[in-house]
Amino acid sequence: MLKKLLPLAAALLMSGAIPALAAGELVYVVNNESATFDPSLSTETFSLPMIGATFEGLVKYAPDGSVVPALAEKWEISPDGLTYTFHLRADAKWSDGKPVTAGDFVYAWKRVLTASAGAKNAPVLYAIAGAEEFYNDPKSDKLAISAPDDATLTFTLKAPLSYMMQLLPFQVFDPVRADVVEANPEGWTRDPKTFIGTGPFRVTEFNFGKSTVLEKNPNYYNAANVSLDKLTFRLVPDPATALAAYEAGDVDGIEAVPGPELPRLASEEGKGFMVVPALGHTYAFFNPAKAPLDNVKVRKALAEAIDRENLIDFVMQSADLPATGLVPPGMNVAAEDFRDGTSDFGLATTAKIEEAQKLLAEAGFPDGKGFPETVFVTYSSPPIEKVLEAIQQMWKQNLNIDVKIQSSEWQVYYPEVQKTQYQIAQMGWGADYPHPMTFLENFTSASPNNLAKWSNPDYDALIEAAKVNQDPKASLDEMRKAEAILMEDMVILPMYYRSNYMMMKPSVTGFWRSPLNQPYFDAVTLTK
């Protein structure tokens, strides 16, 4: 199996003799097309390649995970840990050549905090004093964000936050320009003429449903060190088709490979196979307001009846990890992994069939009798649909119930899920920043990302306490208690903690992909 072959696969690019397609040009396959590339509004993992290539904020991540300067060249934090002052670099410019100003950040952050804009990640900014008050009342004058001059941005937190610098590379903190956005609020990121960013590349073509073409941004502050002249994101929904294009030499890299091919690719040295650790969890939402999912015993029965090891080893044929909680491993607080010592909440890596059958009977459906029509909705994705079909069979075999699977294109699917118009909905989450709160905060009552519309005041209180607690160990304990509340109510159907499996030609050097699933192309060079 793949787990035995992984030592043969390099997490970094391997050397080889495959020549580059053309000097200065790289073609990278993506499997999904995002509904929006607006860094302030998008919550879709699918938007990461585009936004990451075309936007930067105050700071960014380095390959070693450290936070390094980007549009800000330096900063100071007050002794009490509350006030942050950033100084923009003199050569910070937009892709059309206009200077980036501190006012651009103020505008962007206020826009995120304007409810009518529809930014789902607005709560991330609530750490700033007055931010939540501003979101609830745009006339509030308590928002502690200011631009003393064009080169200086300052903000004050309502309480010290130990991971504030880890938050700032997140795209919701990127600047956007008022004149560009307000001229076309809905469509400015869909037209190359108005898609004005701050990153190493700028868009030249949108071929929706096919590809997006970018070129080197000559106004980028570090343009002298960007080697690629052209970067194309080609849309190929089917990973098998994408792999065929890669092996035929038609593309340079693909963001995902089909599960059945993982063992072969991992064993073939020098072909560009990459295993990238990911801080991600693939799960489904249960809608606790829709029968029969309004019964917690039904939710637990469905969760316990799944054989997660079978899904990983035989259906996906991957090296992902079975998930029995919300937060994935690799999230460290107080030098301790969040998952260490936590409960499995009655779940197991294999199916607990007898326990699941008992729970279903207690819910009023012995041997599945009388179980009402239930639909499991998902976005169109061959790998995901294959996993759901396996889960469908497990529920039939282990619980004697029939669950229908219904798929639709992402642009149709996601808006419906946001309205909570489902019984069970496939989703998941990739970390926006390397801290457990990126998963946990999504389930607070007021979070726009709480797609189950689940609410628990004790959970909310623990999350709020953990965010402001200056004792890391105490904060970790509060977060673990919050996760336990969520999992005991089984609001989600945990499936697996993700790794990313991809291909990149050995002729491509300098490429890296972070555990936050962000690919980076600014340091890429091509060799013959």
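Residues numbered from 1 in each chain as written. Predicted model: local features only at pLDDT ≥ 70, side-chain atom pairs only at ≥ 80, totals over all residues. Heavy atoms only, no water.

**Re the overall build of the chain**
Filter applied, for reference: Per the convention used, a helix needs a DSSP run of H or I reaching at least four residues, while a strand needs a run of E reaching at least two, with both numbered from the N terminus. The globule rule is 2.2 Å times the number of residues to the power 0.38, and the radius of gyration it is compared with is taken over C-alpha atoms. Any two residues whose heavy atoms approach within 4.5 Å are treated as being in contact. Only the protein chains shown count as cover for residues, with accessible areas throughout obtained via the Shrake-Rupley method and a probe of 1.4 Å. Under this rule, positive means Lys or Arg and negative means Asp or Glu; His and the chain ends count for nothing. Lys charges are placed at NZ, Arg charges at CZ, Asp charges at CG and Glu charges at CD.
The helix and strand inventory of the chain stands at 16 helices and 24 strands. At 23 Å, the chain has a C-alpha radius of gyration in line with the 24 Å of a compact globule built from 528 residues. Here the C-alpha coordinates of the chain stretch approximately 70 × 60 × 45 Å along the principal axes. Within the chain, contacts between residues separated by at least 24 positions form 70% of all contacts whose residues are at least 6 apart in sequence. Per element, the accessible surface of the chain, about 20600 Å² overall, is 52% carbon and sulfur. For the chain, the distance from the average position of its 45 positive side-chain charges to the average position of its 66 negative side-chain charges is 2 Å.

**A word on the packing of helix H15 (residues 457-468) against helix H16 (residues 472-488)**
Test applied: The axes are straight lines fitted to the C-alpha atoms, using for helices just the contacting stretch, and the angles between their N-to-C directions are given from 0 to 180°. Convention used here: angles under 35 degrees read as roughly parallel, angles over 145 as roughly antiparallel, angles from 65 to 115 as roughly perpendicular, and any remaining angle as oblique. Each crossing is labelled by how the near helix is turned from the far one, with a counterclockwise turn of less than a right angle marking it left-handed and a clockwise turn marking it right-handed. Polar here means any residue outside two lists: the nonpolar Ala, Val, Leu, Ile, Met, Phe, Trp, Tyr, Cys and Pro, and the charged Asp, Glu, Lys and Arg; Gly therefore counts as polar.
Two numbers describe how H15 lies on H16: the axes approach to 8 Å, and their chain directions differ by 160 degrees. On the basis of their axis angle, the class for H15 and H16 is roughly antiparallel. Classified by chirality, the crossing of H16 by H15 is left-handed. For the pair H15 and H16, contact is made by Asp458, Tyr459, Leu462, Ile463, Ala465 and Ala466 and by Ser475, Glu478, Met479, Lys481, Ala482, Glu483, Ile485 and Leu486, respectively. Considering only residue class, the contact of H15 with H16 consists of 9 nonpolar, 1 polar and 4 charged.

**Side note on the pattern of salt bridges**
The following threshold applies: The rule for a salt bridge is simple: a side-chain nitrogen of Lys or Arg has to be within 4 Å of a carboxyl oxygen of Asp or Glu. Only protein chains enter the area calculation, which uses a 1.4 Å probe; residues under 20% of their type maximum are buried, those over 50% are exposed, and those in between are partly exposed.
Applying the stated criterion across every chain, the model contains 20 salt bridges. In this structure, Glu261 engages Arg264 in a salt bridge whose closest nitrogen and oxygen atoms are separated by 2.7 Å. Using a relative accessible area of 29% as the deciding quantity, one classes Arg264 as partly exposed. Across the pair Asp402 and Lys396 runs a salt bridge whose closest N-O atoms are separated by 3.4 Å. Each of Glu247, Glu261, Arg264, Glu268 and Lys271 takes part in salt bridges that share partners, so that together they form one network.

**With respect to the pairing of strand E1 (residues 25-30)**
Stated formally: Between any two strands, at least two bridges found by DSSP are needed for them to pair.
The buried fraction of E1 is high, at 5 of 6 residues. The pairing of E1 with strand E11 (residues 253-254) spans 2 bridges and is parallel. In the sheet register, Tyr28 faces E11, and the bridge partner there is Gly253.

**Topic: the packing of aromatic side chains**
Geometry of an aromatic ring pair is reported as the spacing of the ring centres plus the angle between the planes. Put simply, the rule reads: By convention, a stacked pair of Phe, Tyr or Trp rings (six-membered ring in the case of Trp) has centres within 6.5 Å and planes under 30 degrees apart, an edge-to-face pair has planes over 60 apart, and any other such pair is tilted. Consider the ring centre and the ring normal. A charge sits over the ring if Lys NZ or Arg CZ is within 6 Å of that centre and within 35 degrees of that normal.
Counted according to the given criterion, the structure contains 32 aromatic pairs. Ring centres of Phe105 and Trp109 lie 6.3 Å apart, and the angle between their planes is 85 degrees; on these two criteria the pair is classed as edge-to-face. One end of the pair, Phe105, and the other, Trp109, are both in helix H3 (residues 102-112), 4 residues apart, so they sit about a helical turn from each other. We classify Phe105 as buried; its relative accessible area is 0%. Between the aromatic rings of Phe285 and Phe443, the centroid separation amounts to 5.9 Å while the plane-to-plane angle is 45 degrees, which identifies the pairing as tilted. With Phe285 in strand E12 (residues 273-286) and Phe443 in the loop between helix H14 (437-440) and H15, this pair connects stretches of sequence that are 158 residues apart. Comparing Phe285 with Phe443, the two get one shared label, buried. An aromatic cluster is defined as three or more aromatic residues linked by ring pairs; in this entry it consists of Trp75, Tyr84, Phe86, Phe105, Trp109, Phe155 and Phe173. In this structure, Arg89 is placed above the aromatic ring of Tyr221, and the distance from its NZ or CZ to the ring centre is 4.0 Å.

**Observations regarding H16**
Rules: To estimate how far a helix should extend, the number of its residues minus one is multiplied by 1.5 Å. Whenever a nitrogen or oxygen atom comes within 3.5 Å of another N or O atom, the pair is scored as a polar contact, on the condition that within protein one atom can donate a hydrogen and the other can accept it, and that pairs from neighbouring residues in sequence are kept only if both atoms are in side chains.
For H16, built from 17 residues, the straight-helix expectation of 24 Å at 1.5 Å per residue is met to within 8% by its first-to-last C-alpha distance of 24 Å. If you check which residues of H16 are buried, you get Ser475, Leu476, Glu478, Met479, Arg480, Ala482, Glu483, Leu486 and Met487. In this structure, the buried residues of H16 make contact with strand E14 (332-333), strand E15 (336-337), H14, H15 and strand E20 (492-504). For H16, the N-terminal capping position is held by Asp471, with its side-chain oxygen 3.1 Å away from the main-chain nitrogen of Lys473.

**Looking at the sheet that holds strand E7 (residues 152-156)**
Pairing is antiparallel in the open sheet, where 4 strands are placed in the order E4-E5-E7-E6. Edge positions in the sheet fall to strand E4 (72-77) and strand E6 (145-149), since each has one partner strand and no second. Pairwise comparison of adjacent strand axes, ignoring direction, gives a mean angle of 20 degrees for this sheet. Pairing geometry for E6 and E7, over 3 bridges, is antiparallel. Directly across from Ile145, in E7, lies its bridge partner Phe155. The sheet contacts of H3 involve strand E5 (83-88), E6 and E7, and relative to E6 the element is tilted by about 165 degrees.

Nothing here speaks to function; it is geometry throughout.
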